[in-house]
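As a plain string of letters, each chain reads:
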Amino acid sequence: MPELPEVESVKRALEPVLVGATFATVELRRKNLRIPFPRRFVDRLVGTTITAVTRRAKYLLATLSSGETLLMHLGMTGGFRVTHARIDGGYRSEDGLDDERHDHVVFSLSSGATVTFNDARRFGLMDLVRRGALDAHPVLGRLGPEPLAAAFDAAALARACCGKSVALKLALLDQRVVAGVGNIYASEALWVAGLSPKRKAATIATATGRPRPTAERLAAAIVEVLELAIAGTGPRFRVYERAGGPCLRQGCGGTVTRIVQGARSTFYCPACQK
DNA sequence: ATTGAGACCTGTCGGC
DNA sequence: TGCCGACAGGTCTCAA
């Protein structure tokens, strides 16, 4: 599920359930996900009220009345199931994360709603961050620009890629370059921009780090691809998982190809992505 | 400092 | 059917 657009969707679904609600009970079913839960995790949550739910890159942040922030990452397989207690005591599931073996955290809210975190591979994480400490947090502090914020543009992208000998696709996966793009949307954005995933990242910038036209195209493509995915309109993927299929660019006629970069799949059209 | 490889986990799918 | 390897949308750590 989770690259930036999917995390944004989760944030929007969770927001009306969480904001204004108080944690009545918190059930922790294991002591760690990718990292250990922070000490006194349950005690620090119970009784606090959620005042806001926001997103930074692929991280979800729930601001608490205690002044702390609940930081959550979905890893590869994480997600939430929301249920509402009914008069008859039964429950109505609102989506389909079925496998209860992988339910790791159960939040019971004052509203009667239950929010359950499920994560089969346990690459997700939860942490509690004290007021004012968010920017210094080991995972948040290193993130690059938010692609859908004003601070992200061709100049920022070019600056981040300047001098980098890594492949452009791998640079897009580097969260310090642009925060929130993952394996799918890196391929998608490169296709939209007509740029080869194999070209060196530095080639979109001048020697002094100024944006070339390729950087303009790529920055715009990243924004377009992410916004389209959040909106949920239009066909799913244009190259991702389409190896062997025809390139969808008008008049191209090429064939989508799968290659491996940094041990991950990249999909692109060798005919039109240069 | 950058870069590539391996690690962390579990599930699913295709081939033999 | 059973087993085995390859692969999965993320990120960290370590060695070169």
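In the block above lies the structure referred to throughout.
Residues numbered from 1 in each chain as written. Chains lettered and ligands numbered in written order. Predicted model: local features only at pLDDT ≥ 70, side-chain atom pairs only at ≥ 80, totals over all residues. Heavy atoms only, no water.

Would you take a moment to explain the side chain of H102 for this structure?
One can find H102 in the loop between β6 (91–93) and β7 (103–109). Here H102 is in contact with F117, N118, D119 and A120, once residues within four sequence places are set aside. (Helix = DSSP H or I, 4+ residues; strand = E, 2+ residues; numbered from the N terminus. Contact = heavy atoms within 4.5 Å.)

Teacher, can you tell me more about the environment of P38 here?
Within the element layout of this structure, P38 appears in the loop between β1 (23–28) and α2 (41–45). When residues no more than four places from it in sequence are discounted, the contact partners of P38 are R44, M126, D127 and L128.

I would appreciate a short explanation of the nonpolar core in the present structure.
Buried together is how nonpolar side chains tend to be arranged in soluble globular proteins. Core analysis: the largest hydrophobic core is formed by 40 residues, its most contacted members being L157, C161, L168, L172, L218 and I222. Looking at this core, the elements that each hand over two or more residues are α3 (154–161), α4 (168–173), α5 (183–193) and α6 (213–231). Sorting elements by how many residues they give to this core places α6 first, with 8 residues. The contact partners of L157, leaving out residues within four places of it in the chain, are F152, L172, V177, I204, A215, L218, A219 and I222. Ranked by size, the runner-up nonpolar core spans 30 residues in total, among them M72, L74, V105 and F107. (Core = buried A, V, L, I, M, F, W, Y, C linked by side-chain atoms within 4.5 Å. Buried < 20%, exposed > 50% of the residue type's maximum accessible area, 1.4 Å probe, protein only.)

Is there a simple way to explain the packing of aromatic side chains in this structure?
Each pair of aromatic rings is reported with the distance of its centres and the angle of its planes. Going through the model one piece at a time under the given rule, you end up with 6 aromatic pairs. Between F23 and F107, the aromatic rings sit 5.1 Å apart at their centres with planes inclined by 50°, giving tilted as the arrangement. One end of the pair, F23, is in strand β1; the other, F107, is in strand β7, and 84 residues separate them in sequence. Given the relative accessible area of 2%, F107 is considered buried. Taken together, a centroid distance of 5.3 Å and an interplanar angle of 55° make the contact between F80 and F117 tilted. One end of the pair, F80, is in strand β5 (residues 78–85); the other, F117, is in strand β8 (residues 113–119), with 37 residues separating them in the sequence. Taken individually, F80 and F117 each receive the classification buried, so the pair is uniform in this respect. A network of ring pairs unites the aromatic residues Y185, F237, Y240 and F267 as a single cluster. A cation sits over an aromatic face here: R249 above W191, 4.4 Å from the ring centre. (Phe/Tyr/Trp six-rings, centres within 6.5 Å; stacked < 30°, edge-to-face > 60°. Lys NZ or Arg CZ within 6 Å of the ring centre and 35° of its normal.)

Could you clarify how one ought to interpret the pattern of salt bridges in this entry?
Pairing between side chains of opposite charge can happen when their charged atoms approach one another. Inspection of every chain in the model, using the stated rule, returns 13 salt bridges. Linking R81 and D103 is a salt bridge whose minimum nitrogen-to-oxygen distance equals 2.6 Å. With a gap of 22 residues between them, R81 in strand β5 and D103 in strand β7 connect regions that are remote in the sequence. Here R81 matches D103 in class, with each residue buried. (Salt bridge = Lys/Arg side-chain N within 4 Å of Asp/Glu carboxyl O.)

I tried to follow the layout of surface pockets on my own but got confused; where do I start?
Here the idea is plain: a probe the size of a water molecule rolls over the atoms and shows the empty space left. In this structure, the largest pocket encloses a volume near 730 Å³. Considered class by class, the residues forming the lining of the largest pocket number 13 nonpolar, 5 polar and 8 charged. (1 Å grid on protein atoms, 1.4 Å probe; cavity = no way out; pocket = protein on both sides within 12 Å on 5 of 7 lines; lining within 4 Å. Points joined across faces, edges and corners; volume = space filled by probe spheres on them. Nonpolar A, V, L, I, M, F, W, Y, C, P; charged D, E, K, R; others polar.)

What exactly am I supposed to notice about the protein's contact with DNA strand B here?
If you check the shell around DNA strand B, you find R101, H102, A120, R121, R122, F123, K164, S165 and V166 and nothing else. Each atom of DNA strand B within 4 Å of the protein was classed as base or backbone; sugar and phosphate made up 68%. Here a phosphate oxygen of DNA strand B and a side-chain polar atom of H102 are 2.6 Å apart. Separating a base oxygen of DNA strand B from a side-chain N or O atom of R121 is a distance of 2.9 Å. (Near = heavy atom within 4 Å. Polar contact = N/O pair within 3.5 Å; in protein donor to acceptor, adjacent residues only side chain to side chain.)

Looking at this model, I keep getting lost on the pairing of strand β10 (residues 257–261). Mind explaining?
Here is the key point about a regular strand: its side chains alternate between the two faces of the sheet. Here β10 runs beside strand β11 (residues 264–268); their pairing, made up of 5 bridges, is antiparallel. Paired with I259 across the strands is T266, a residue of β11. Hairpin connection between β10 and β11: a loop of 2 residues separates the two successive antiparallel strands, and G262 in this loop has a positive phi of roughly 55°. (Pairing = 2+ DSSP bridges.)

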